[in-house]
Every structure is written in C-alpha cells, then in structure tokens.
Amino acid sequence: MLEINKIRLNKENVIELLGVKNFKDADQKINTLIDLDEKKRQVQKQLEDIKADLNVKAKEIGKFMMQGEKDLAEKTKQEVAALKENSKDLEKELSEKEKEIEELLLSIPNLPHSSVPKGKTAEDNIVELMEGEIPKLWEGATPHWDLCAKYDIVDFELGNKITGSGFPVYKGKGAKLQRALINFFLDEATKNGFDEVQPPLMVNEASAMATGQLPDKEGQMYAIPLDGFYMIPTAEVPLTNIYRDTILQEKDFPIKKCGYSQCFRREAGSYGKDVRGLNRLHQFDKVEIVCIAHPDKSYEQLEKMKQHVMGILSKLELPYRILRLCGGDMSFTSALTFDFETYSAAQERWLEVSSVSNFETFQSNRLKLRFKNQEGKTQLAHTLNGSALALPRIVASLLENNQTPQGIRIPKALVPYTGFEIID
RNA sequence: GGAGAGAUGGGUGAGUGGCUGAAACCAACAGUUUGCUAAACUGUCGUACCUAUAACGGGUACCGGGGGUUCGAAUCCCCCUCUCUCCGCCA
C-alpha cells in the first residue's frame, strides 16, 4: 500500500509512474484520493477540537463535584451533551472517509522503479543476461512428463486419484531428487548469509493481508474457513510476517532469511501446455529468500539476491536467462522485479523458476515494519524477496536437458545430496 | 474437548472510575566523573495521526481486539481472540 503522505506530496509523479504500470484511471483515482484525504483531515480537525473541549469540560465537572458545586456541574453536563451530538456526525463522516481512502489505496499498485521499462506484456520484458548453452538433445529425447513416467519418478495419475490434478506423487529417485534439491538450496542460501527458518504452512488473515495476498488475490489461495486460515502460496508470506508490527534498529539491517516450504496455489483459469507435467502445480516445493533492508541499501541487496540465484543455477549447470520485467508484467506489489528462466530443452521453452523483487515500502507499510533512523524517527523499511528456487520447473529442466539414452544425469553439485549420479 | 487463571510501555510489574499516557525497577541511549574499564550521578527514553511552528510547541487516539455504561474508563458491563495451568485425547 502506498503512503498517502507521499502521494499528497508527489501527485504528478505518482500519476506518471502508475502509467508505466499501465494502471487505469490513475489520474482520476489519485485526484479522488487527494480530495478525500483533504476532506478527511478537515473533519478530523473539527472532531478533535470538539473532543479536546469535551475533555476539558469533563475535568471541570470532576472538580465541581468535589467542591460540591452541583449546579455548575449540572450546567456543564448539559453543555457536554450538546457537543456530543455534534461529534457523532463528524465521527461517522470521518470513519467513512477513512474507509474510502483505505479502499482506494489498496487498489493502487506499487510505483515502479525508474529502471523499469515501459510495456504491457511479457513480450516487453528485457532480457538482461543469458548464461549457459542450450543443450542439443538426442533423437529419442522427450519432454519431462514422459521421462517421469518412463523412470517412474513422478506419478501424476496417482496424485489425481489421491487429491486431484496438480498434486503429483514423487516416487523413488524422484522423491530423493526433491529432497536433494531442497537441501542443496537451503545450504547454498545459508552459506550466503540467509538464516534458515521453517515457517507455518497456514497463515491467518492478518498475515495474508499484510503481505498483500488479501484482499485482491483471495481466489489464488486455498482457504480453511472453519479456522480462518489460508494455505500459503509462498513462504514469503510467513517469512515476511515475522516482522509484522516491528520496529527495528539500523544495526539490525540487513535481515536475511531463507525458508523451505510447500506452496499451495489454486491457479484458477490455467490451462493447456502451461500446466502440463510439472509446469504448473497446485502444490509445489520452494526455497524462498527474504531480505529486510535499509531504504538506502535495498537495491544493493536486490543485486546480491540476484547473484545468489545465478550462483545456484550455474552449479546446477542449467542454461538460464534473466529478465527485467516491464511495468505491465510486474506484480501489483513490486517496484522492480527480475525473473529467472531456465531453458527446458525438450519443451523448447523458457520456464520461470525464480522471481526476485524489491517492494520498497509497499509491503512494509501494511506490515508496519519500521526502523528508527539516525534522527530517532521511525521510518518504513524496505522488503525484498525471491525464490531460490522453485523446484518443479527446475526438475523439469534437469530431466529434459540431462537425458541420455542411458538415463538422466544428475549435475555434479547435486550428487552429494542425491547419493546417485543417474536416474535409470 | 472440559475446568480455571490471565492479557498494561523493549522486559519485569504497579495501578478497581477523575490528580495515570500510565508508578517502580531493569534494559537501552546521551552526558558528567574517570588514565582505561567498572561503579556512581544526571538527563532522555511508546506508537500513530492531526495541527503548528521561531520553538525541544499544541491536540486526538491507543493499557489484547470490538462494542456498551458514564460528564469522565487501563479501571465497570457484554462479545471475541490469544496465552498459561490442570484434566481428557494424541504424532
């Protein structure tokens, strides 16, 4: 959520930046917002003046009572009653205005960083870097879903039976590979200074609200209405919420956390080749990295997080590319996002395996995640996060790219974790 | 699931209707003293919003959350949430 004060101060700039994100009716919405805000403050002032008066009179009554001046006390009480009538209307108006402002603010996305390219769709993203060679496959090479069946390592049918589509069962070396990747990712993150955390897989409404899953993305999450919980769509939610309602010291920065979790997404409306095999699941595994940084240093941290992801992809010997997302393709909450995609050779397409973003103060505003700056004032911190990494598409790429007539070769860095060098 | 107790500022913890935005202690921060450290002493020490401005100024709200009683509520009443203890169940 954007800060109303900043909008008030930089109105023109805000409207322009929202344009980069292709936000509709930015001009009109921001103007309404500012009008509402103006009115709200006016009403608030009036109301508070009355309340101040009320407080003074209440004290007077106390004094009169003690001094036994009943008449004066009664007279003051009547004055109070009159004032109270006035304040009721103002009170109502104030809370209405506040609600309207809140709703409007919630509907406005984060402002893009100045380096975000204009654009509408994924087509307009900028390829920043491409690393590794696209493998040439042998004639008998097949997409990963066939390989999963051939080696009996991921069973989609079985998952259908137990739960439904998008909940595969990993078997044998497939299960072991999952475990190996999780451990590998966590170890790598820990080496790079991210503290390991094992978070809850369900969160309450306040947490989902604070990181921005609610209210607008409600349909994306599995809900447990009986208890008011939501299955997490990413570990970002619990990891970032560790710091909800927190005031940090400058010396605490940067805070770096990593955590493995299973992620649950309803993915309503997805279809076709995008969802085939491991490309898109309702339940999947992911190691997430989160950073809470000083506003002056957050882009430095973003760069470090990028480096971290690059490092693990290289160790996995996967060809990948980095995209700088354009305004139109960026998430609602992000100020700057880099997507990582690995090449999946049999499908002949790039698969998104990580997304690293700086949210600046957009999340921390709702989280009330602040720090005391050098002047001793509280100020919003910056939050960042990224996947490092999401498993299924990594597995898809590994299986497809490393397939040989003899079986699927495991990259060297992973062998100590899997305990085997080949899936056959 | 049953019974009971509780929720106050960074922590411990006082406070049962007005003098309490909140004692005291601890921690923290700044300073004095000091050869250094320690100790001692002095001061500062919640958050948000509004307003103001020459100003370290003024106001409102907040003692788990929501509602109520009252001229006035941390304090009384109602509802909710959470925590703890005991019992039951259980990986």
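It should be noted that the structure appears before, not after, this text.
In this report, we go over the structure that sits alongside the text. What you are looking at is a predicted structure, and each value in this text was computed from that prediction instead of being measured.

## Looking at the overall build of chain A
On a plain count of helices and strands, chain A comes out with 13 helices and 19 strands. Each of the three principal axes of chain A carries a C-alpha extent, and together these read 100 × 45 × 40 Å. Residues classed as buried in chain A amount to 50% of the 424 residues present. Sequence separation of at least 24 residues holds for 74% of the intrachain contacts in chain A that already meet a minimum separation of 6. Summed over its atoms, the accessible surface of chain A is roughly 21,000 Å², and 49% of this surface lies on carbon and sulfur atoms.

## With respect to the protein's contact with RNA strand B
Near RNA strand B, the surroundings consist of 19 residues, among which Gln44, Ala58, Lys84, Lys372 and Thr378 are the closest. Near the protein, within 4 Å, the atoms of RNA strand B are sugar or phosphate in 72% of cases. Here a base nitrogen of RNA strand B sits 3.0 Å away from a polar atom, N or O, in the side chain of Glu48. Between RNA strand B and the protein, one listed contact pairs a base nitrogen with a backbone N or O atom of Ala58 at 2.7 Å. Elements with a contribution of two residues or more to the surface near RNA strand B: helix H3 (26-66), helix H4 (70-106) and strand E14 (369-372). Here the surface near RNA strand B takes 11 residues from H3, the largest share from any one element. Of the residues that constitute the surface near RNA strand B, the class distribution is 6 nonpolar, 4 polar and 9 charged.

## Overview of the nonpolar core
One finds Leu181, Phe185, Leu313, Phe340, Ile394 and Ile423 to be the most contacted residues of the largest nonpolar core, which totals 60 residues. The leading source of residues in this core is helix H7 (residues 172-191), at 7 residues.

## So, the pairing of E14
Along E14, the buried face is formed by Leu369 and Phe371; none of Arg370 and Lys372, which line the opposite face, is buried. Pairing of E14 with strand E15 (residues 378-380) involves 3 bridges; the strand directions are antiparallel. Directly across from Arg370, in E15, lies its bridge partner Leu380. In this antiparallel pair of consecutive strands, E14 and E15, the connection spans 5 residues, and Gly376 shows a positive phi of 85°.

## A word on a negative patch on the surface
A cluster of acidic side chains, namely Glu12, Glu16, Asp25 and Asp27, defines a negative patch on the protein surface. Inspection of the secondary structure assignment puts Glu16 in helix H2 (residues 11-20). Glu16 sits in the exposed class, given a relative accessible area of 59%.

## Concerning the packing of H7 against helix H10 (residues 298-315)
Two numbers describe how H7 lies on H10: the axes approach to 11 Å, and their chain directions differ by 135°. The angle between H7 and H10 places the two elements in the oblique class. Between H7 and H10 lies a crossing of right-handed hand. Along its contact with H7, which presents Phe184, Phe185, Glu188 and Ala189, the element H10 presents His308, Ile312 and Lys315. Within the contact of H7 with H10, the residues separate by chemical class into 4 nonpolar, 1 polar and 2 charged.

## Brief notes about the pattern of salt bridges
This model, assessed by the stated rule, comprises 23 salt bridges. Measuring nitrogen to oxygen at the nearest pair gives 3.1 Å for the salt bridge that ties Arg41 to Asp37. A residue pair is termed a helical-turn pair when its members lie 3 or 4 positions apart in one helix, as Arg41 and Asp37 do in helix H3 at 4 residues. You can call Arg41 partly exposed: its relative accessible area is 33%.

## Re the packing of H7 against helix H12 (residues 391-401)
Put simply, H7 and H12 touch, their axes get as near as 11 Å, and they point 115° apart. Between H7 and H12, the interaxial angle falls into the category roughly perpendicular. Of the two elements, H7 crosses H12, and the hand of that crossing is right-handed. Residues Leu177, Gln178, Leu181, Ile182 and Phe185 of H7 form the contact with H12, whose participating residues are Leu391, Ile394, Val395 and Leu398. For the contact of H7 with H12, the class distribution of residues is 8 nonpolar, 1 polar and no charged.

## Structural notes on the packing of aromatic side chains
Two measures describe an aromatic ring pair: the distance that separates the ring centres and the angle between the ring planes. In this structure the tally under the stated criterion is 7 aromatic pairs. Both rings, one in Phe253 and one in Phe371, keep their centres 5.1 Å apart while their planes meet at 80°; by these two values the pair is edge-to-face. Linking Phe253 in the loop between strand E8 (246-249) and strand E9 (255-264) with Phe371 in strand E14, this pair joins segments that are 118 residues apart in sequence. Residue class for Phe253 comes out buried when judged on its relative accessible area of 13%. Seen in terms of ring centroids, Phe332 and Phe362 are 5.9 Å apart; in terms of plane orientation they differ by 75°. Their pairing is edge-to-face. Linking Phe332 in the loop between strand E11 (320-324) and strand E12 (336-344) with Phe362 in helix H11 (residues 362-367), this pair joins segments that are 30 residues apart in sequence. By relative accessible area, Phe362 is classed as buried at 3%. Joined through ring pairs, the aromatic side chains of Phe184, Phe185 and Tyr417 make up one cluster. Above the ring of Phe338, the side-chain terminus of Lys306 is found at 3.8 Å from the ring centroid.

## A few points about the side chain of Thr240
Examined against the element boundaries, Thr240 turns out to sit in helix H9 (residues 236-241). Overall, the relative accessible area of 2% leaves Thr240 in the buried class. A distance of 2.6 Å separates the side chain of Thr240 from the backbone oxygen of Glu236, its partner in a polar contact. Setting aside anything within four residues of it in sequence, one finds Thr240 in contact with Thr211, Val290, Gln363, Leu367 and Thr383.

Definitions and cut-offs
Residues numbered from 1 in each chain as written. Chains lettered and ligands numbered in written order. Predicted model: local features only at pLDDT ≥ 70, side-chain atom pairs only at ≥ 80, totals over all residues. Heavy atoms only, no water. Helix = DSSP H or I, 4+ residues; strand = E, 2+ residues; numbered from the N terminus. Buried < 20%, exposed > 50% of the residue type's maximum accessible area, 1.4 Å probe, protein only. Contact = heavy atoms within 4.5 Å. Areas by Shrake-Rupley, 256 points an atom, 1.4 Å probe, with all protein chains shown as cover. Near = heavy atom within 4 Å. Polar contact = N/O pair within 3.5 Å; in protein donor to acceptor, adjacent residues only side chain to side chain. Nonpolar A, V, L, I, M, F, W, Y, C, P; charged D, E, K, R; others polar. Core = buried A, V, L, I, M, F, W, Y, C linked by side-chain atoms within 4.5 Å. Pairing = 2+ DSSP bridges. Patch = residues over 30% accessible without salt bridge, like charges linked within 9 Å, V, L, I, M, F, W, Y side chains within 5 Å. Salt bridge = Lys/Arg side-chain N within 4 Å of Asp/Glu carboxyl O. Lys, Arg positive; Asp, Glu negative; His and termini not counted. Charge placed at Lys NZ, Arg CZ, Asp CG, Glu CD. Axes fitted to C-alpha atoms, helices over the stretch in contact; angles between N-to-C directions. Parallel < 35°, antiparallel > 145°, perpendicular 65-115°, else oblique. Left-handed = near helix turned anticlockwise from the far one by under 90°. Phe/Tyr/Trp six-rings, centres within 6.5 Å; stacked < 30°, edge-to-face > 60°. Lys NZ or Arg CZ within 6 Å of the ring centre and 35° of its normal.

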